[in-house]
Amino acid sequence: MSLQKPIMRGLLAKRLRFHLPIAFALSLIAAAAFKYGVTEPRKQAYADFYKQYDAMKEFNGMKEAGIFESVRPSGE
Amino acid sequence: MAHPSQLGLQDAASPVMEELLHFHDHALMIVLLISTLVLYIIVSMVSTKLTNKYILDSQEIEIVWTILPAVILILIALPSLRILYLMDEINDPHLTIKAMGHQWYWSYEYTDYEDLGFDSYMVPTQDLVPGQFRLLETDHRMVVPMESPIRVLVSAEDVLHSWAVPALGVKMDAVPGRLNQTAFIVSRPGVFYGQCSEICGANHSFMPIVVEAVPLVHFENWSSLMLEDA
């Protein structure tokens, strides 16, 4: 009765064939998560902010709060 | 200005800074991609029971890890060059201001129409009023009209300085004997802070920059008042 000869070659290559696709997949998932979790929401946030932005209204609010040096609130 | 525990860039107040912000996100995404890959590989190399771990040669992997980094670099370079050329477009400024660096304050000259010039010193900490920011406020601010292209000519009277306002995406070295040009458009009204960005002596950290963007009519009133006071 003889034992089956164990696999003695190609062990690292086998390990790499298993792990490298997982590594690439995980890194692509991380990049996609960052893109759709951070990058795209930030672009959308800027677009939304400026869509409804009323510069004069914001300016008047800041002016009344006394933020500017060149123009003082109405009371002053 | 920056806020406590801030990690990322300041909110953009100019179109160029918005582009730079998005590019930074793009570059950071690529950094995350590479870091995840490398971290996984390190953990897998360290946690193996194999004793003979070192491949002596493999044409396939050599080709992959030459081509893939080249592709990644192109993916970074293309948006980067787009923004670089965007910043250099002919911009036909409405106003030109000279920002001169001194030890240790900035001076601004508005000489397009009249001869307006003033110095801008940091407000010392003991003179701050509640609501003002330590090491960032100045006695006179550089007031500009909002939504107008502005050209700033930056130079220095003594040693190297650098005129920087992060929210506007602007930084330009102030070199004695040289005129450097930069330009920006402020997208919204507000007050934007910056600090000298080139070591220039003992008070390098104490010569901030404050840009105040207001509607054109208020800018004109301000410049008339400043001329009267001068």
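Just so it is clear, the model here is predicted, and its values are computed rather than measured.

Points about the confidence of the model for chain B
Regions with low pLDDT should not have their predicted coordinates read in detail.
Residue and element names in this part refer to chain B.
Here comes step 1: In this model, chain B carries an average pLDDT of 94, and 99% of its residues clear a pLDDT of 70 or more.
Here comes step 2: Ranking the helices and strands of chain B by mean pLDDT puts strand β6 (residues 161–165) first, with 98, and helix α3 (residues 216–229) last, with 93.
Here comes step 3: Across the interface, the model reports ipTM at 0.89; the global pTM reads 0.91.

Let's talk about the pairing of strand β8 (residues 180–185) of chain B
All names here are of chain B.
Here comes step 1: Side-chain alternation along β8 places N180, T182 and F184 on a buried face and Q181, A183 and I185 on a face that remains uncovered.
Here comes step 2: Bridge analysis of strand β5 (residues 149–156) against β8 gives six bridges, and the strand direction is antiparallel. Residue pairing for β8: P149 is matched across the bridge by I185.

Notes on the packing of aromatic side chains
Here comes step 1: One pass over the structure, following the stated rule, counts 13 aromatic pairs over all chains.
Here comes step 2: For the ring pair F49(A) and Y50(A), a centre distance of 5.0 Å and an interplane angle of 90 degrees mean the geometry is edge-to-face.
Here comes step 3: Three or more aromatic residues link up through ring pairs in this structure, and these residues are Y108(B), Y110(B), F118(B), F219(B) and W222(B).
Here comes step 4: Between K35(A) and the ring centre of Y36(A), over which it is positioned, the NZ or CZ distance is 6.0 Å.

Some points on the nonpolar core
Here comes step 1: Of all hydrophobic cores here, the largest spans 46 residues; its most connected members are W106(B), Y108(B), Y110(B), M142(B), W163(B), L168(B) and F184(B).
Here comes step 2: The dominant element in this core, judged by the number of residues it contributes, is strand β10 (residues 208–214) of chain B, at five residues.
Here comes step 3: Contact partners of Y108(B), with chain neighbours within four places excluded, come to I97(B), K98(B), A99(B), L116(B), G117(B), F118(B), S120(B), M142(B), W163(B) and I209(B).
Here comes step 4: By size, the runner-up hydrophobic cluster in this structure holds six residues, among which are A31(A), F34(A), L33(B) and I72(B).

Examining helix α1 (residues 11–51) of chain A
Here comes step 1: With 41 residues, α1(A) extends 58 Å between its outermost C-alpha atoms, agreeing within 8% with the 60 Å of an ideal straight helix rising 1.5 Å per residue.
Here comes step 2: The largest bend in α1(A) amounts to roughly 35 degrees and is located at K35(A).
Here comes step 3: All of the buried residues in α1(A) are L12(A), H19(A), A23(A), S27(A), A30(A), A31(A), F34(A), T39(A) and Y46(A).
Here comes step 4: Tucked into the core, α1(A) has its buried residues touching α1 (15–46) of chain B.

Points about the layout of surface pockets
Gaps between atoms show up when a probe of the same size as a water molecule is rolled over them.
Here comes step 1: Quantified by volume, the largest pocket comes out at close to 1200 Å³.
Here comes step 2: Along its surface, the largest pocket is lined by 42 residues, and L20(A), F24(A), I41(B), I61(B) and W65(B) are the ones closest to its centre.
Here comes step 3: Looking at the lining of the largest pocket, the elements with two or more residues in it are α1 of chain A together with α1 and α2 (59–87) of chain B.
Here comes step 4: Ranked by residue count, the leading element in the lining of the largest pocket is α1(A), at eleven residues.

Considerations on the packing of α1(B) against α2(B)
Residues and elements named next belong to chain B.
Here comes step 1: Remark: α1 packs on α2, axes separated minimally by 11 Å, with the N-to-C direction vectors making an angle of 170 degrees. One finds that α1 runs roughly antiparallel with respect to α2. Here α1 contributes V16, E19, L20, F23, H26, I30, L33 and I34 to the contact with α2, which in turn contributes I72, L75, I76, P79, S80, R82, I83, L86 and M87.
Here comes step 2: When the residues that make up the contact of α1 with α2 are grouped by side-chain class, the tally is 13 nonpolar, two polar and two charged.

Notes on the environment of S187(B)
Here comes step 1: Position of S187(B) among the secondary structure elements: in the loop between β8 and β9 (190–195).
Here comes step 2: Relative accessible area serves as the criterion here: at 13%, S187(B) is assigned to the buried category.
Here comes step 3: Residues in contact with S187(B), not counting those within four places in the same chain, are Y50(A), A13(B), S14(B), P15(B) and E147(B).

Description of the sheet that holds β9(B)
All names here are of chain B.
Here comes step 1: Within the open sheet, the three strands sit side by side as β4-β10-β9. Their pairing is mixed. The open sheet has two free edges, formed respectively by β4 (142–145) and β9, since each of these has just one partner strand. Each strand of the sheet is rotated relative to its neighbour by a mean of 25 degrees, with strand direction disregarded.
Here comes step 2: Pairing between β4 and β10: four bridges, direction parallel.

Re the interface of chain A and chain B
Note: interface size is frequently given as the accessible area lost on complex formation between the parts.
Here comes step 1: Counting residues at the interface gives 33 residues for chain A, matched by 41 residues for chain B.
Here comes step 2: Here chain A and chain B share an interface that buries about 3200 Å² over both sides, 71% of which is from carbon and sulfur atoms.
Here comes step 3: On the surface where chain A and chain B come into contact, there are one salt bridge.
Here comes step 4: For the salt bridge of D25(B) with R42(A), the shortest nitrogen-to-oxygen distance reads 2.6 Å.
Here comes step 5: The tally of links between chain A and chain B comes to nine residue pairs in polar contact (both at pLDDT 80 or more).
Here comes step 6: For the side of chain A that touches chain B, the secondary-structure elements that each account for two or more residues are α1 and α2 (55–64) of chain A.

Cut-off values and rules
- Residues numbered from 1 in each chain as written.
- Chains lettered and ligands numbered in written order.
- Predicted model: local features only at pLDDT ≥ 70, side-chain atom pairs only at ≥ 80, totals over all residues.
- Heavy atoms only, no water.
- pLDDT = per-residue confidence, 0-100.
- Helix = DSSP H or I, 4+ residues; strand = E, 2+ residues; numbered from the N terminus.
- Buried < 20%, exposed > 50% of the residue type's maximum accessible area, 1.4 Å probe, protein only.
- Pairing = 2+ DSSP bridges.
- Phe/Tyr/Trp six-rings, centres within 6.5 Å; stacked < 30°, edge-to-face > 60°.
- Lys NZ or Arg CZ within 6 Å of the ring centre and 35° of its normal.
- Core = buried A, V, L, I, M, F, W, Y, C linked by side-chain atoms within 4.5 Å.
- Contact = heavy atoms within 4.5 Å.
- Expected span 1.5 Å × (residues − 1).
- Bend = angle between axes of the 7 residues up to and from the residue.
- 1 Å grid on protein atoms, 1.4 Å probe; cavity = no way out; pocket = protein on both sides within 12 Å on 5 of 7 lines; lining within 4 Å.
- Points joined across faces, edges and corners; volume = space filled by probe spheres on them.
- Axes fitted to C-alpha atoms, helices over the stretch in contact; angles between N-to-C directions.
- Parallel < 35°, antiparallel > 145°, perpendicular 65-115°, else oblique.
- Nonpolar A, V, L, I, M, F, W, Y, C, P; charged D, E, K, R; others polar.
- Buried area = accessible area lost by both parts, 1.4 Å probe.
- Salt bridge = Lys/Arg side-chain N within 4 Å of Asp/Glu carboxyl O.
- Polar contact = N/O pair within 3.5 Å; in protein donor to acceptor, adjacent residues only side chain to side chain.

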